[in-house]
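Understanding the architecture of this molecule
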Amino acid sequence: MNDLSNIQPPHWPGRLLRLFCAPHLVEELEGDLHELFAQRVRMYGAQHARARYARDVFSLARPFVLRKEPRKFPQPSVFRTTMIRNYFKIALRNMWKNKGFSAMNITGLVAGITACLMILQYVSFELSFDRFNRDFERIYRVTNDRFQQGKLIQHGTITYPAVAAAMASDFNEVETYTTLANPGTFSLQKDRRIFAEKGVYTDERFLSFFTFPLVAGDFQTALKAPHSIVISETNAKRIFNANPADYAALIGKYIVVDLDTKPYQITGIMKDFPATSHLQYGVLMSFETLPQTWGEWIRNSWESSDVWHYVKLRPGADVAALTKKLPAFSDRHFQGNKISGSVEQFFLQPLGKAHLFSNYEYEIGQVNNGKAVWTMLIIAVFILLIAWINYINLATARSLERAREVGVRKVAGATNGQLISQFMSESVVLNIVGLALGIVLTLLLQPALNKLIEKPLSFALLTGSGYGGPVFTLAVAGIFLFGILLSGFYPAFALSSFKAVQVLKGSFKRSVKGIWVRQSLVVFQYTASMVLIVGTFIVFKQIRFMREEKLGFDMDQVLVVRGPELTRWDSTSIDRINSFKTELKRIPSVQMASASGSVFGNRLSRSFNFRRVGSNDPKGVTFNRMAVDADFFETYKIPILAGRNFLPTDSNPDGNKVKNAILNESAAKLLGFENAADAAGQKFVFNNKEWDIIGVVSDFHQQSLKHSIEPIMFAPFYTLSGFISMKISASNPAQSIAMVRKKYDEFFPGNSFNYFFMNQRFDEQYKDDRIFGQVSSFFSLLAVLIASLGIFGLSSYTIAQRTKEIGVRKVLGATVSGIVALLSKDFLKLVLLAVLIGAPIAWYGVAFWLNDFAYRIEIEWWMFVIAAVLSIAIAFVSVSFQSIRAALMNPVKSLRSE
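Scope of this entry: the structure provided in the associated data block. Bear in mind the structure is a predicted one, so any value in this text is a computation, not a measurement.

**Side note on the overall build of the protein**
Each helix and strand in the protein was counted, giving 30 helices and 22 strands. Over its C-alpha atoms the protein spans a radius of gyration of 38 Å, topping by over 25% the 29 Å that the globule rule assigns to 898 residues. Dimensions of the protein along its principal axes, counting C-alpha atoms only, are 115 × 85 × 65 Å. Burial statistics for the protein: of 898 residues in total, 50% are counted as buried. Sequence separation of at least 24 residues holds for 79% of the intrachain contacts in the protein that already meet a minimum separation of 6. Total accessible area on the protein stands at roughly 43,000 Å², and carbon and sulfur atoms take up 57% of it. Here the protein holds 98 positive side-chain charges and 72 negative ones, and the gap between their average locations is 13 Å.

**Describing helix H9 (residues 233–240)**
Restricting attention to buried positions, one finds in H9 the residues Glu233, Asn235, Ala236, Ile239 and Phe240. Projected down its long axis, H9 shows its buried positions confined to an angular sector of 160 degrees, all on one face. Of the residues trailing H9, Asn241 is marked for its positive phi of about 55 degrees.

**What to know about the packing of helix H28 (residues 816–850) against helix H29 (residues 861–887)**
Running from amino to carboxyl end, H28 crosses H29 at an angle of 155 degrees, the nearest separation of the two axes being 8 Å. By the criterion of interaxial angle, the relationship of H28 to H29 is roughly antiparallel. Viewed along their axes, H28 and H29 form a crossing whose handedness is right-handed. Residues that form the contact of H28 with H29 fall into these classes: 21 nonpolar, four polar and no charged.

**Describing the sheet that holds strand S21 (residues 723–728)**
The strand order across the open sheet formed by four strands is S13-S21-S12-S22, and the pairing between neighbours is antiparallel. A single partner strand is all that each edge strand has here, and the edge strands are strand S13 (590–596) and strand S22 (755–757). Neighbour to neighbour, the strand axes of the sheet diverge by 20 degrees on average, direction disregarded. Two strands pair when backbone bridges link them, and strand S12 (residues 558–562) and S22 are joined in this way by three bridges, in the antiparallel orientation.

**Structural notes on the packing of aromatic side chains**
The tally for this structure, following the rule as stated, stands at 50 aromatic pairs. Summarising the aromatic geometry, the rings of Phe273 and Tyr281 are spaced 6.5 Å apart at their centres and angled 80 degrees between planes, so their arrangement reads as edge-to-face. Across the pair, exposure class does not vary: Phe273 and Tyr281 are buried alike. Geometrically, the ring pair formed by Phe553 and Phe762 is edge-to-face, given 6.0 Å between the ring centres and 70 degrees between the ring planes. Linking Phe553 in the loop between helix H19 (515–548) and S12 with Phe762 in helix H25 (residues 758–763), this pair joins segments that are 209 residues apart in sequence. Phe762 shares its class with Phe553; the two are buried. In textbook terms, an aromatic cluster arises when at least three aromatic residues are bridged by ring pairs, as seen for Phe553, Phe600, Phe632, Phe633, Tyr636, Phe646, Phe700, Phe714 and Phe762. A cation sits over an aromatic face here: Arg761 above Phe756, 4.6 Å from the ring centre.

**Let's talk about empty space enclosed by the protein**
One water molecule sets the probe size; rolling that probe over the atoms shows where empty space is left. Under the definition given, this model contains four cavities of 30 Å³ or more. Taken as a whole, the second largest cavity encloses approximately 110 Å³ of empty space. Lining the second largest cavity are 13 residues; nearest its centre among them are Gln702, Gln703, Ser708, Ile709 and Glu710. For the lining of the second largest cavity, the residue count by class is four nonpolar, seven polar and two charged.

**What to know about the pattern of salt bridges**
Inspection of every chain in the model, using the stated rule, returns 32 salt bridges. In this structure, Glu175 engages Arg138 in a salt bridge whose closest nitrogen and oxygen atoms are separated by 3.3 Å. Taken together, the residues Glu175 in strand S3 (residues 174–190) and Arg138 in the loop between helix H6 (99–127) and strand S1 (139–148) connect sequence positions 37 residues apart. The exposure class assigned to Glu175 is partly exposed, which follows from its relative accessible area of 35%. In this structure, Lys371 and Asp852 form a salt bridge, with 3.3 Å as the shortest nitrogen-oxygen distance. Remark: Asp852 occurs in the loop between H28 and H29 and Lys371 occurs in helix H14 (residues 370–397); sequence separation between them is 481 residues. Among the ionic contacts, a cluster of salt bridges with common partners joins Asp135, Arg138, Glu175 and Lys312.

**What to know about helix H1 (residues 11–20)**
Among the residues of H1, those classed as buried are Pro13, Gly14 and Leu17. End-on, the buried residues of H1 take up no more than an arc of 100 degrees, which puts them together on one face. Looking at H1, the residues exposed on the side facing more than 90 degrees away from the buried face are His11, Arg15 and Leu19. Each element contacted by the buried residues of H1 is listed here: helix H2 (23–44) and helix H3 (46–59).

**Structural notes on the side chain of Lys727**
The topology assignment puts Lys727 in strand S21. Here the side chain of Lys727 touches Asp554 through a polar contact of 2.7 Å, side chain to side chain. The contacts of Lys727, once residues within four sequence positions are left out, are Asp554, Asp556, Gln557, Val558, Ser589, Val590, Gln591, Met592 and Thr635.

**Comments concerning a nonpolar patch on the surface**
A contiguous nonpolar surface patch, about 340 Å² in accessible area, is contributed by Val440, Leu441, Leu444 and Leu445. Mapped onto the fold, Leu444 is located in helix H16 (residues 416–453). A residue is classified by how much of its surface remains accessible, and Leu444, at 63% relative accessible area, is exposed.

**Re the side chain of Glu30**
Its location among the elements puts Glu30 in helix H2. Looking at Glu30, the relative accessible area reads 18%, which means it is buried. Not counting residues within four places of it along the chain, the set of residues in contact with Glu30 comprises Leu17 and Arg18.

**A closer look at the environment of Asp191**
Relative to the assigned elements, Asp191 resides in the loop between S3 and strand S4 (193–202). Accessibility expressed as a relative area gives 61% for Asp191, which makes it exposed. Sequence spacing of Asp191 and Val256 is 65 residues, and the spatial spacing of their C-alpha atoms is 9.6 Å.

**Brief notes about the nonpolar core**
By size, the foremost hydrophobic cluster in this structure holds 110 residues, and its most contacted members are Phe714 and Phe779. Top contributing element to this core by residue count: H6, with 15 residues. Residues within four places of Phe714 in sequence aside, it is in contact with Met626, Val628, Phe633, Phe646, Asn660, Ala661, Ile662, Asn664, Val697 and Phe700. Counting 25 residues, the second-largest nonpolar core is a separate cluster that includes Phe195, Ala216, Ala242 and Val283.

**Regarding the environment of Ser342**
Structurally, the position occupied by Ser342 is in the loop between helix H13 (319–334) and strand S11 (343–350). Here Ser342 falls in the buried class, since its relative accessible area comes to 1%. C-alpha separation for the pair Ser342 and Ile153, spaced 189 residues apart in sequence, amounts to 9.2 Å.

**Overview of a negative patch on the surface**
Taken together, the side chains of Glu27, Glu28, Asp32 and Glu35 present a region of like negative charge at the surface. Here Glu27 is to be found in helix H2.

**Here we look at the packing of helix H7 (residues 163–170) against H13**
Two elements in contact, H7 and H13, have axes separated by 12 Å at closest approach and are oriented at 115 degrees. Of the two possible hands of crossing, H7 and H13 adopt the one that is right-handed. The residues of H13 that touch H7, namely those facing Val163, Ala166, Met167 and Asp170, are Leu326, Phe329, Arg332 and His333.

**Regarding unusual backbone geometry**
Leave glycine aside and you will find that most residues have negative phi; peptide bonds, for their part, are mostly trans. Phi at Asp135 is positive, roughly 55 degrees, even though this residue is not glycine. Among the secondary structure elements, Asp135 is positioned in the loop between H6 and S1.

**Comments concerning the environment of Leu445**
Tracing the backbone through its elements, the reader meets Leu445 in helix H16. Once the C-alpha coordinates of Leu445 and Met118 are considered, the two residues, 327 residues apart in sequence, prove to be 8.8 Å apart. Once residues within four sequence positions are removed from consideration, Leu445 is found in contact with Thr114 and Met118.

Thresholds applied
- Residues numbered from 1 in each chain as written.
- Predicted model: local features only at pLDDT ≥ 70, side-chain atom pairs only at ≥ 80, totals over all residues.
- Heavy atoms only, no water.
- Helix = DSSP H or I, 4+ residues; strand = E, 2+ residues; numbered from the N terminus.
- Rg over C-alpha atoms; globule rule 2.2 N^0.38 Å.
- Buried < 20%, exposed > 50% of the residue type's maximum accessible area, 1.4 Å probe, protein only.
- Contact = heavy atoms within 4.5 Å.
- Areas by Shrake-Rupley, 256 points an atom, 1.4 Å probe, with all protein chains shown as cover.
- Lys, Arg positive; Asp, Glu negative; His and termini not counted.
- Charge placed at Lys NZ, Arg CZ, Asp CG, Glu CD.
- Arc of directions from axis to C-beta.
- Axes fitted to C-alpha atoms, helices over the stretch in contact; angles between N-to-C directions.
- Parallel < 35°, antiparallel > 145°, perpendicular 65-115°, else oblique.
- Left-handed = near helix turned anticlockwise from the far one by under 90°.
- Nonpolar A, V, L, I, M, F, W, Y, C, P; charged D, E, K, R; others polar.
- Pairing = 2+ DSSP bridges.
- Phe/Tyr/Trp six-rings, centres within 6.5 Å; stacked < 30°, edge-to-face > 60°.
- Lys NZ or Arg CZ within 6 Å of the ring centre and 35° of its normal.
- 1 Å grid on protein atoms, 1.4 Å probe; cavity = no way out; pocket = protein on both sides within 12 Å on 5 of 7 lines; lining within 4 Å.
- Points joined across faces, edges and corners; volume = space filled by probe spheres on them.
- Salt bridge = Lys/Arg side-chain N within 4 Å of Asp/Glu carboxyl O.
- Polar contact = N/O pair within 3.5 Å; in protein donor to acceptor, adjacent residues only side chain to side chain.
- Patch = residues over 30% accessible without salt bridge, like charges linked within 9 Å, V, L, I, M, F, W, Y side chains within 5 Å.
- Core = buried A, V, L, I, M, F, W, Y, C linked by side-chain atoms within 4.5 Å.

Written as structure tokens, this is what we have:
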């Protein structure tokens, strides 16, 4: 028979009991459990007893078992009001006592917090675009990719008039849609005064589709009738000098738009479009007006891409499933490529991506670069982390100074919790001061930032009116609170963990505990700095490349005047334009003058099915089209490679009789000609008519270097709604403009004189990139300076700890340079490691950013060498200032310092 007295309970429940049970109850409870175990072994057997033993242990997980033994001498609670007040009082005294340390920390925190708040405003503004619309998440824009001969020839937002109605008919997922056409700048005429304003033709569903409320008029019928117009509050004030109380009286009044013979009736006054709308218009005109002037094709054509569509899906609709149906939709309505001569593919772009992630052609919305926005957010995170890391490093570096304080406090009875609370309070006070000053500085610098980036940023974007609303506000507040606590926790934990005996004996000075943490944080700071320096360098080099690269034409000192849009076209218009050009050339400062339908920088119209005569390929190709006169190529110094220039006789008021064209090199090659000489004198077919290629000009960049060179056909057409370009001397441009204005008013009375310089207009295409470069470089430099401030402070405390060592070395004959090298090398090793880590990260980041440009600089090794040298130089200057100061110190003072 087995000896039951030798059977023992399982070990792991006992360990669990001792883990969670209050120490003063363990022995008593363990004895009771063992007695129960022995009884059950005798009554039910060992297996049953072991199982019940484990269950009994779990059943003891109750409050009375967990409660600690009450102290005979209770310690004061760290959460009592008097204790908290005392903590903060001591924190303020310590800050005042160590003014240099506090000033250095607060300066870094204020700079970091200010920069972060400014960037977060910008990010919140950019991410909040179009989110004010009702049903924002259900609205999509129809986009269109067009392929010819397997090649993508158009990636645009413009598409065919019949598309949206067909989608609504074919797909139950589509709840409604709205269509926009002919967007541009219109001349609004009232009482012989002309007001230029951006506008668009749109249908009656527009005002209910989007959230653009009317302050007067009925949004359901305002755009229903032909020749109806809705104007913004700003236009009501500037055109009619109306106050809000007068808006209702404006309904029914008339206004003339451009050269339309029939005036438009005002049917609504709308609030100005929000700054966070990608659509920005001051007037809306009824889409029903266009069929009367353009023809019925604008309603139902599948052949001309002239409109923009937005669709709203039904609640719960599966957009991914709908997208999969679109290829069949294209095949059904286009029958492959039989209608347009191209393979059509349609997509649905979420409204939330229309502003930041829209790399489309024929864009009518206000767009920005989403990569730039997220880059700024990353910079903000880096800056804030660097500022908080500075605090951690400087606080822990001062550990020797405060070690004796900690030892004395512990001997006097202070607990770790009380010490942590004390040091955490110092961190909170310092961070709150930094946050308060950062908010004040942000408000003071706000106007300057808004002027620089030309955006209406405000602090309200962080307090509920921006992206995400209150959720974003809470997230930002949570990040700052988490950062404040985290940046204070490590120094508080490190300082409170000192052993009182070691500190008071002086043996703590030989401890290296925590050094690797500070070194890791320094490496992180300078890794971020390396990435930011490389990014700034590449951004500026790319922008400089785009602005200085030869474009293939000369636009310096070219004055461009908008054509007389309010003068009606008639049989004398060509002669009048030529006469005007002749008069301009008589102005001494005007060297050349030319008329064209468009200018450089604008997106040109695109046409399809160009085919070379004699070619066996039935598939046509796609060209851009541009109307120019005989002086255009000479005015812009565009070389003619083969053939001849246009002659005045090549043009004709009857456009059907115009048959001569000039191609650029890309167009000639696309038709299959090996070179310009082969193309000159040949023919091509377009619009069922043969055209003669009378010349070929060299390729040039018609748009910015973000875009590839495209094939262009130049035709000798004239238009009054185009542009007149003049090459003028640089001596007195103001006088030249005044003389040109006088001639313009003589030839085209009643038209507004609007002008610009071609180089400035072309440079506008780089505006967003230029602003991004300026802003990112400023904040990147700030991040580097904050990191340098940190390493400056850290080196000063590290060197202070080695004062006696420096004195001994000097007495033994060490030179100043040798001491500086000794004190600097440890920090420079960390910076060098950061450079090695940061270089590949920076390379990946800048390569990703450069992908947006068709023409870009090459990323070369020496760019990273320059950035590395700058990083090391900045760190060396920060450290060497303290090192040289210490090395020059009198060794007698150094040896007495301890």
